[in-house]
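Coordinate inspection notes
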Amino acid sequence: MSMIILNIEMKQDIEKIDRENDMRILVLGAGVLGCNLAKNLSVGNEVTLLARGKWGEEIRRNGLKIKNRFLPFTSLTHISVINQLDSGDTYDVIFVVVRYTQINSVAEVLQENMTKNIIFVGNNVRCQATAELFPKKNVLFAFTSAAGYRDEKRVVSVDLAKITIGPVHGGYEDEVFIKKIFSGTKYNVHYEPYMADYLLCHASFVLPVVFACYRTCGNMKKLRGNKNYLNMLVDANIEGYRAIQKAGYRILPEADQQFEGKAYRKTCLRFFHLLCTTPLGNLCVCDHAMHAIDEMSALNKDIKNFFDVENAPYPIWQKLEEECQNYLQ
């Protein structure tokens, strides 16, 4: 009997240590990216999701349901839900997963909150300005590979469980901290010490594809076989990369650094062809772009301002922009 009691006590001690090592994480934002992030981080961490309204009540009552777009099953994760962040609520880290246009709307509550570590997830071409809003915080940035849509009961998406994450520019001091957050999860984590550069490059690549989505009113299959237009998408991307490189930023990911070469163009054209001939176009671009015109417009405005400050020409970019059926604001 004493041996049984001892084993039970040892098990309880181990469970207590495990709980103490768990990270207390808040995911602020319950869209497609936020919900996938919360689900994946809940393995090995104490995760809370900030979700408001009917969607928050749905998760609170019935759990977080995420349907894989290409698989028959739906996952169910029971997760703690709150509808507001108070100044006294403290976490090891807050992941802020809101649209680019919504960052300022959550800035005040984050400034007043005691949590030190904040990670902004998603599109951002003004990382330095965003970080400067929080001079007393440790601010990081991330981009995660998930896409899809949300209905009243569930999220329908594809999540590659891949995340690129790091500071605005330079430094590896947060790498151990990041590894601890994602330890035990299925994420493929790439620590990138120059996230401002990475996100500028991402915007330069993805916005021309967004233009294609708007040109076709959300149906990129209309561009199938239009080689001239697809080549213009690559040309616009290259215009952006030239401006970014001229300004002294790195071209990231490193695989894109030979963007002037034939191999890069061939790779891009192959990817754009897939977007126009398979469901990937809707899944990777149009599902989000058609529901986030304000975000895409703001990104386009800010990156064009960046081009202008750098005196960088971008005529092909402008031509594609003009053909966007008046979607861009």
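Everything below is about the structure printed above this text.
We now turn to the structure provided with this report. (Residues numbered from 1 in each chain as written. Predicted model: local features only at pLDDT ≥ 70, side-chain atom pairs only at ≥ 80, totals over all residues. Heavy atoms only, no water.)

Quick notes on the nonpolar core
Core analysis: the largest hydrophobic core is formed by 74 residues, its most contacted members being Leu110, Phe120 and Phe141. In terms of residues, this core owes the most to one element, helix α7 (residues 195-215), which gives 14 residues. In this view, Phe120 contacts Val96, Ile103, Leu110, Thr130, Phe134, Val139, Leu140, Phe141 and Ala142; residues no more than four positions away in its chain are not counted. Membership of the second largest hydrophobic core comes to 35 residues, among which are Met23, Ile59, Leu64 and Ile119. (Core = buried A, V, L, I, M, F, W, Y, C linked by side-chain atoms within 4.5 Å. Buried < 20%, exposed > 50% of the residue type's maximum accessible area, 1.4 Å probe, protein only. Helix = DSSP H or I, 4+ residues; strand = E, 2+ residues; numbered from the N terminus. Contact = heavy atoms within 4.5 Å.)

Quick notes on the packing of α7 against helix α10 (residues 280-289)
At a minimum axis distance of 10 Å, the contact between α7 and α10 shows a crossing angle of 70°. One element, α7, and the other, α10, form an angle in the roughly perpendicular class. Note that α7 runs across α10; the crossing there is right-handed. Between α7 and α10, the residues in contact are Val209, Val210, Cys213 and Tyr214 and Val285, Cys286 and Ala289, respectively. Classifying every residue of the contact of α7 with α10 by side-chain character gives seven nonpolar, no polar and no charged. (Axes fitted to C-alpha atoms, helices over the stretch in contact; angles between N-to-C directions. Parallel < 35°, antiparallel > 145°, perpendicular 65-115°, else oblique. Left-handed = near helix turned anticlockwise from the far one by under 90°. Nonpolar A, V, L, I, M, F, W, Y, C, P; charged D, E, K, R; others polar.)

Comments concerning empty space enclosed by the protein
Throughout the structure, instances matching the rule amount to two cavities of 30 Å³ or more. The volume enclosed by the largest cavity comes to roughly 60 Å³. Surrounding the largest cavity, Val96, Val98, Arg99, Tyr100, Ile103, Phe120, Val121, Gly122, Asn123, Asn124 and Phe141 form its lining. In terms of residue class, the lining of the largest cavity is made up of seven nonpolar, three polar and one charged. Asn219, Met220, Lys221, Leu275, Thr278, Gly281 and Asn282 together form the lining of the second largest cavity. (1 Å grid on protein atoms, 1.4 Å probe; cavity = no way out; pocket = protein on both sides within 12 Å on 5 of 7 lines; lining within 4 Å. Points joined across faces, edges and corners; volume = space filled by probe spheres on them.)

A few points about the pattern of salt bridges
All chains considered together, the criterion is met by twelve salt bridges. For Arg99, the salt bridge goes to Asp294, with nearest N and O atoms at 3.2 Å. In this pair, Arg99 is assigned in the loop between β6 (93-96) and α4 (103-112) and Asp294 in helix α11 (residues 293-309), connecting sequence segments 195 residues apart. By relative accessible area, Arg99 is classed as partly exposed at 27%. (Salt bridge = Lys/Arg side-chain N within 4 Å of Asp/Glu carboxyl O.)

Describing the side chain of Lys67
As for its placement among the helices and strands, Lys67 is situated in strand β3 (residues 64-68). Put simply, Lys67 is tucked away with no salt bridge, and the nearest opposite charge, on Asp151, sits 10 Å away. Those residues within four positions of Lys67 in sequence are excluded, and the remaining contacts are Pro72, Phe73, Thr74, Arg154, Val155, Val156 and Ser157. (Lys, Arg positive; Asp, Glu negative; His and termini not counted.)

A word on unusual backbone geometry
Going from Leu252 to Pro253, the amide bond is cis rather than trans, its omega being 5°. Tracing the backbone shows Pro253 in the loop between α8 (227-246) and α9 (262-277). Positioned with a positive phi, Asn311 is a non-glycine residue whose angle comes to about 55°. Mapped onto the secondary structure, Asn311 falls in the loop between α11 and α12 (315-322). Non-glycine residue Asn326 carries a positive phi angle of around 60°. Relative to the assigned elements, Asn326 resides in the segment after α12.

Remarks on the pairing of strand β4 (residues 74-77)
The two faces of β4 differ: Ser75 and Thr77 on one face are buried, but Thr74 and Leu76 on the other face are not. Connecting β3 to the next strand, β4, in antiparallel fashion are five residues. (Pairing = 2+ DSSP bridges.)

A few points about α10
Among the residues of α10, Gly281, Leu283, Val285, Cys286, Asp287 and Ala289 are the ones counted as buried. Contacts from the buried residues of α10 go to β8 (138-150), β9 (155-166), α7, α9 and α11.

Structural notes on the environment of Val155
Inspection of the secondary structure assignment puts Val155 in strand β9. Along the sequence, Val155 and Ser75 sit 80 residues apart, while their C-alpha atoms lie 9.9 Å from each other. What Val155 contacts, discounting residues up to four positions off in sequence, is Val32, Cys35, Asn36, Trp55, Lys65, Ile66, Lys67, Tyr149 and Arg150.

Quick word on the layout of surface pockets
If you add up the space inside the second largest pocket, you get close to 360 Å³. If you go around the second largest pocket, you meet 16 residues; those closest to its centre are Lys39, Asn40, Ser75, Asp159 and Lys186. Residue assignment for the lining of the second largest pocket shows that the elements contributing at least two residues are α2 (32-41), β3 and β9. Of the residues forming the lining of the second largest pocket, the biggest block, four residues, is contributed by β9. When the residues that make up the lining of the second largest pocket are grouped by side-chain class, the tally is five nonpolar, seven polar and four charged.

A word on the environment of Val27
Relative to the helices and strands, Val27 resides in strand β1 (residues 24-28). With a relative accessible area of 0%, Val27 lands in the buried category. Note: C-alpha distance between Val27 and Asp151 (124 residues apart in sequence) is 19 Å.

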